[in-house]
Protein chains: 2
Amino acid sequence: MAQKIKLSTIAESLGVSTATVSLALRDSPLVAAATREKIKEQSRALGYIYNRRAASLRTSRSGIIGVVVHDIQNPFYAEILKAIESELDRSSHTFILSNHYDSVDKQRNFIETLLQLGGDGVIMSPAIGTPREDLELAENNGMPAILVARSVENLDLPTYRGDDSYGISLATNHLIGLGHRTIAMVGGTDQTSTGRDRYQGYVNALKKANIPVDPALRIAGPRSKQGGFEAAVHFLSLPQKPTAAVCWNDLVAIGFMNGIARAGLMPGRDISVTGYDDLEEAAIATPGLTTVWNGQSEVGRLAARALLDKLSGSHEPDGMHLIKPEMRIRQSTAPLHRT
Amino acid sequence: MAQKIKLSTIAESLGVSTATVSLALRDSPLVAAATREKIKEQSRALGYIYNRRAASLRTSRSGIIGVVVHDIQNPFYAEILKAIESELDRSSHTFILSNHYDSVDKQRNFIETLLQLGGDGVIMSPAIGTPREDLELAENNGMPAILVARSVENLDLPTYRGDDSYGISLATNHLIGLGHRTIAMVGGTDQTSTGRDRYQGYVNALKKANIPVDPALRIAGPRSKQGGFEAAVHFLSLPQKPTAAVCWNDLVAIGFMNGIARAGLMPGRDISVTGYDDLEEAAIATPGLTTVWNGQSEVGRLAARALLDKLSGSHEPDGMHLIKPEMRIRQSTAPLHRT
DNA sequence: CTGAAAGCGCTTACAG
DNA sequence: CTGAAAGCGCTTACAG
């Protein structure tokens, strides 16, 4: 590794001041075009690497945006991230990613690290049990936060997510329309807003159709493929013999269908199954999964835009921005056939 | 946002020097225990946030490690990342993540950004066509690189990946042992080392068993579930009527099995299918996927360790470190039954 | 055990 | 259109 090249190296080699070099490299019109070209040329020739820490120390803007979600390995979050990434990419921001795995400590640790690095802002899907102080820590230190997918109670931050209650009612109504009356709800937990809202939407839809709500038909807990897979055993042992399952999300639904298939039944014929999210793989599951599009790409795109707008000084309205979900009908649901 | 708290704020409020505060906060034994406690107490009380940019400007170490892979949404990379993350977490390093989607430009852009931020090192699964200059850019600027999952030709960097040729021969031999003779290879591309090595391993295994190698039985290209799904149509139309498929990875295999099922055939009975990687979901696929464990968690863990060791000054040997793959037999493969 | 001072590599008024 | 100088917030010899 050769001698470190810095602004002053370029300046000296060209007999100009560092101020001129700094301005030239950032395309300032204050520098004569000829000088600017000469400087850029030299910078390239010397293999100059811009030192962002030094610049950011001076300007107190780092170009770093933090993103923290439950688990990036979860395709639901991965799809949101992809949208955030492509939005940030075109604005020359760098993003730092972290999982919190619903650990409030890990999440706070990330926020602190981000503050230490001088992060400009943070996009997060808050961990279960996030105290408002942790988010205020960011805001109070000049690092605005935008929430995605989940809300935090009593905190009026800009939040982007799908309308869960409405969305799950679409799925439930679809099954009711097919003649199903004994419909289980599989997965989700009351500890998250999505868990509560989706269960509530399911309950509302049943009530509206005058179908009695049986709490024993709720198999709460599962939130992964593995969880859905295991829940199938529980489902098949229910004395009420449900003919359909509204799953909390696509992962649960796909695992659940696999579980049903392992037991020798055919999802989409013997048992109707709906998912939620419309992940890319919902379409190529066997059978194709009937599900609810939850707008991950919209959520990510809008959240990133909202943050960038905020950073450039425009005052976005705080509060909830709900994406309207849409039904996607495939082969995993079918009219009830009585045997 | 109140007045910015910095080292000197704490120092003044306590009537000590910034040097003492700096040392105390980093638990230096040079500072008397009582002073140290008083300083830490005050730092907490004032809500002091350590400015890493300033520190890193001074020390020229940032605590930042970059990780760039093809696509973090791909569970294969996600599993590697998880292992890297848990290894780095315990060493108080922050990691910055990026996808390159096999774009050499995007990858170089990331390396440059990382250099600007003063990254201490980088772990990467290089994009297809990565020129050695891009990796030398990192190394020459004092940022060591470790490769995972893929190699770059003519470049002797520490590399951690599975022994692809050996691993795929395990899968191929397993099928041969079950009586299959017309075995297709589905997916993968000659543009990556994994694509070349796995095809070669398949060819070698066939040759060793005196089975003629038919190039038409290679369906090259697919690398995703979607790709595997679509390849099933091609596979079923082959005049040679293969009875088994060695898939390039689990994603292809799972998509492929779905495609087979859509056509009314039953994978694991009508057609035997093997995967590669042993992703978490291989076990819960229907049928359970026979596959080859590729040691993602080991790859991630060892690569992270190697980088940390290098950063702390120990001179690790460069070159290839191959993880030995292992067979995982499940229900997607069965003895050939002649009809 | 503690303090005064220099310096990391930028950017930004300010002056010319 | 260009330059001299201060300062962002730390850490690290050095001195005492």
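Note that the structure is a prediction, hence the values are computed from the model and not measured.

S.K.: Help me get a handle on the UniProt feature "domain: HTH lacI-type" (unreviewed entry) in chain A, residues and values and all.
M.R.: As recorded in UniProt, the sites labelled "domain: HTH lacI-type" (unreviewed entry) are residues 5-59 of chain A. End C-alpha atoms of residues 5-59 of chain A are separated by 21 Å, and the span's content is 69% helix alongside 0% strand.

S.K.: If you had to explain the environment of B:D270 to someone new, which residues and values would you point to?
M.R.: Residue and element names in this part refer to chain B. Relative to the helices and strands, D270 is located in the loop between α11 (250-262) and β9 (272-274). Between the C-alpha atom of D270 and that of I260, which follows or precedes it by ten residues, the distance is 9.2 Å. When residues no more than four places from it in sequence are discounted, the contact partners of D270 are T243 and L265. Among the polar contacts made by the side chain of D270, one reaches the main-chain amide nitrogen of M266 at a distance of 2.7 Å. There is a polar contact of 3.3 Å between the side chain of D270 and the side chain of R269.

S.K.: Tell me about unusual backbone geometry, residues and numbers included.
M.R.: Cis rather than trans, the peptide bond between A:T286 and A:P287 has omega equal to -10°. You can see A:P287 is positioned in the loop between β9 (272-274) and β10 (291-293). The backbone of B:D102 sits at a positive phi, close to 60°, despite the residue not being glycine. Tracing the backbone through its elements, the reader meets B:D102 in the loop between β2 (94-99) and α6 (104-116). Of note, the phi angle at B:N210 is positive, near 60°, even though the residue is not glycine. Checked against the element boundaries, B:N210 lands in the loop between α9 (193-208) and β7 (218-219). Here B:N210 falls in the exposed class, since its relative accessible area comes to 70%.

S.K.: Got a sec to walk through the protein's contact with DNA strand D? Specific residues and values, please.
M.R.: By nearness alone, 25 residues border DNA strand D, and A:S17, A:R58, B:S22, B:Y48 and B:R58 come closest of all. Each atom of DNA strand D within 4 Å of the protein was assigned to sugar, phosphate or base; sugar and phosphate come to 72%. With respect to DNA strand D, the backbone of A:A32 contributes an N or O atom lying 3.1 Å from a phosphate oxygen. In this structure, B:K6 approaches DNA strand D through a side-chain N or O atom, which is 2.9 Å from a phosphate oxygen. Elements that contribute at least two residues to the surface near DNA strand D include exactly α2 (18-25) and α4 (52-59) of chain A together with α2 (18-25) and α4 (52-59) of chain B. The element contributing the most residues to the surface near DNA strand D is α4(B), with four residues. Its residues assigned to classes, the surface near DNA strand D comprises 14 nonpolar, seven polar and four charged.

Reading the values: rules and limits
Residues numbered from 1 in each chain as written. Chains lettered and ligands numbered in written order. Predicted model: local features only at pLDDT ≥ 70, side-chain atom pairs only at ≥ 80, totals over all residues. Heavy atoms only, no water. UniProt positions renumbered as here; feature names shortened; annotations may be inferred. Helix = DSSP H or I, 4+ residues; strand = E, 2+ residues; numbered from the N terminus. Contact = heavy atoms within 4.5 Å. Polar contact = N/O pair within 3.5 Å; in protein donor to acceptor, adjacent residues only side chain to side chain. Buried < 20%, exposed > 50% of the residue type's maximum accessible area, 1.4 Å probe, protein only. Near = heavy atom within 4 Å. Nonpolar A, V, L, I, M, F, W, Y, C, P; charged D, E, K, R; others polar.

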